Amino acid sequence: MYIYLPIAEVSVNAFVLLGLGGLVGILSGMFGVGGGFLMTPLLFFIGIPPAVAVATEANQIVASSFSGVLAHVKRKTVDFKMGGVLLIGGLVGAALGVVVFNYLKSLGQVDLLVKLCYVLFLGVVGSLMFAESLRAMSKSKQVAVVKPRKKRGLVHALPFKMRFRVSGLYISIIPPIVVGVVVGVLAAIMGVGGGFVMVPAMIYLLGMPTKVVVGTSLFQIIFVTAFTTMLHATTNYTVDMVLAVLLLIGGVIGAQFGTMIGAKLKAEQLRILLALMVLLVCAKLAFDLVVEPSELFSLGVAGGH
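Owing to the predicted nature of the structure, the values given are computational and were not obtained by experimental measurement.

Considerations on the overall build of the protein
Then step 1. A count of helices and strands for the protein gives 12 helices and 4 strands.
Then step 2. Counting across all 305 residues of the protein, residues that qualify as buried make up 52%.
Then step 3. A separation of at least 24 residues holds for 79% of the contacts in the protein among residues at least 6 apart in sequence.
Then step 4. Accessible surface, the protein as shown: approximately 13900 Å² in total, 72% of it carbon and sulfur.

Here's what the structure looks like:
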């Protein structure tokens, strides 16, 4: 059943969109990511213009993340205090990102920027996560007892410290705010929740225990992506509500299944699966940019439409 998407100006099979929403919802529940890093490129692949995909995808991220958070709240694996600090930076970053997005859109270069950002960020983050996950898995096989992390790094030396009881941390609020700003910018420019950056940052930079990382990440993602959607809708009018509703329905349902699947897997297994997913999407995007060079030239004159 094909439906016409007015803002995107294309006709798409409704069942395909529902399926994509469900798939990304499952990833959201499993990994604590909004799923936009996968959904936005998939929307590119089925003919949705990048500017519309970025702005609209945030709606689906809000829904799937909210659905996932509910499951984690029941298990008491959400650090609301840490999530609030991350959220402060996220809102600032989202506002900055929308300003940059709108400026590049006025120049007709936003489509190229979005795709290049995906190739760069997914490639770097996916590679680092994959390497770290392999090291973690090899160490867990060698050592029967995992020693608690007691390293004192930059996050312990900076001022403005705060105690996060759920995470068992007493660290400066500066690093979480900086992480939030970066994730907010990514949410605005790339149409992602930023979980693929936030999750490894929370584990390796802030030193949070893995069990609370997923739920806390989803909590912050809800508000940052909702704010991003509002800014895109009011400043550049690229939010397609028909597309958003179909993705939303699939995402809410999928997130519940993803949470159940994620609870049955070990933390190292979850991270390496996410890393492989990130690298796969990166490879597909890079391949498309290389084998379809004519698209690069068309982007330069896109602003004239």
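Comments concerning the environment of S127
Then step 1. Locating S127 in the fold gives a position in helix α5 (residues 110-142).
Then step 2. The partly exposed category is assigned to S127, whose relative accessible area is 39%.
Then step 3. With 148 residues separating them along the chain, S127 and A275 place their C-alpha atoms 7.0 Å apart.

Description of a nonpolar patch on the surface
Then step 1. On the surface, a cluster of nonpolar side chains totalling about 780 Å² of accessible area is made up of M241, V245, L248, I249, V252, I253, F257, M260 and I261.
Then step 2. You can see I249 is positioned in helix α10 (residues 241-263).
Then step 3. Classification of I249 as partly exposed rests on a relative accessible area of 40%.

Considerations on the nonpolar core
Then step 1. One finds L17, L43, I48, V114, Y118, L122 and L243 to be the most contacted residues of the largest nonpolar core, which totals 39 residues.
Then step 2. For this core, the elements supplying multiple residues, two or more each, are α1 (14-31), α2 (36-45), α3 (50-74), α4 (80-107), α5, α7 (174-190), α10 and α11 (267-291).
Then step 3. Take this core: its biggest share by element is 7 residues, from α5.
Then step 4. Residues L86, M202, V212 and V213 belong to the second largest nonpolar core, which totals 17 residues.

As for unusual backbone geometry
Then step 1. In this structure, K76 takes a positive phi of about 60 degrees despite not being glycine.
Then step 2. Looking at where K76 falls in the secondary structure, it is placed in the loop between α3 and α4.

What to know about the packing of α7 against helix α9 (residues 210-235)
Then step 1. Following both chains from N to C, one finds α7 and α9 inclined at 45 degrees, their axes separated by 9 Å at the closest point. By the angle class used here, α7 and α9 are oblique. Taken as a pair, α7 and α9 cross one another with a handedness that is right-handed. Within the contact between the two elements, α7 uses G180, V183, G184, A187 and A188 and α9 uses Q220, V224, T228 and H232.
Then step 2. Residues of the contact of α7 with α9, tallied by class, amount to 4 nonpolar, 5 polar and no charged.

Quick look at α7
Then step 1. In this model, α7 (17 residues) spans 24 Å end to end at C-alpha, consistent with the 24 Å of a helix rising 1.5 Å per residue.
Then step 2. All of the buried residues in α7 are P175, P176, V179, G180, V183, G184, L186, A187, A188, I189 and M190.

Here we look at the confidence of the model for the protein
Predicted coordinates in regions of low pLDDT should not be interpreted in detail.
Then step 1. On average, residues of the protein score 75 in pLDDT, and 80% of them are at 70 or above.
Then step 2. In the model of the protein, helix α12 (residues 293-299) stands out as the element of lowest mean pLDDT, 45, in contrast to α4, which has the highest, 86.
Then step 3. Throughout residues 144-150 the model reports pLDDT below 50, and contacts reaching past four residues in sequence, or to other chains, amount to 4 contacts.
Then step 4. In this model, residues 294-305 is a region of pLDDT below 50 whose contacts with residues beyond four sequence positions or in other chains number 10 contacts.

Reading the values: the criteria
- Residues numbered from 1 in each chain as written.
- Predicted model: local features only at pLDDT ≥ 70, side-chain atom pairs only at ≥ 80, totals over all residues.
- Heavy atoms only, no water.
- Helix = DSSP H or I, 4+ residues; strand = E, 2+ residues; numbered from the N terminus.
- Buried < 20%, exposed > 50% of the residue type's maximum accessible area, 1.4 Å probe, protein only.
- Contact = heavy atoms within 4.5 Å.
- Areas by Shrake-Rupley, 256 points an atom, 1.4 Å probe, with all protein chains shown as cover.
- Patch = residues over 30% accessible without salt bridge, like charges linked within 9 Å, V, L, I, M, F, W, Y side chains within 5 Å.
- Salt bridge = Lys/Arg side-chain N within 4 Å of Asp/Glu carboxyl O.
- Core = buried A, V, L, I, M, F, W, Y, C linked by side-chain atoms within 4.5 Å.
- Axes fitted to C-alpha atoms, helices over the stretch in contact; angles between N-to-C directions.
- Parallel < 35°, antiparallel > 145°, perpendicular 65-115°, else oblique.
- Left-handed = near helix turned anticlockwise from the far one by under 90°.
- Nonpolar A, V, L, I, M, F, W, Y, C, P; charged D, E, K, R; others polar.
- Expected span 1.5 Å × (residues − 1).
- pLDDT = per-residue confidence, 0-100.

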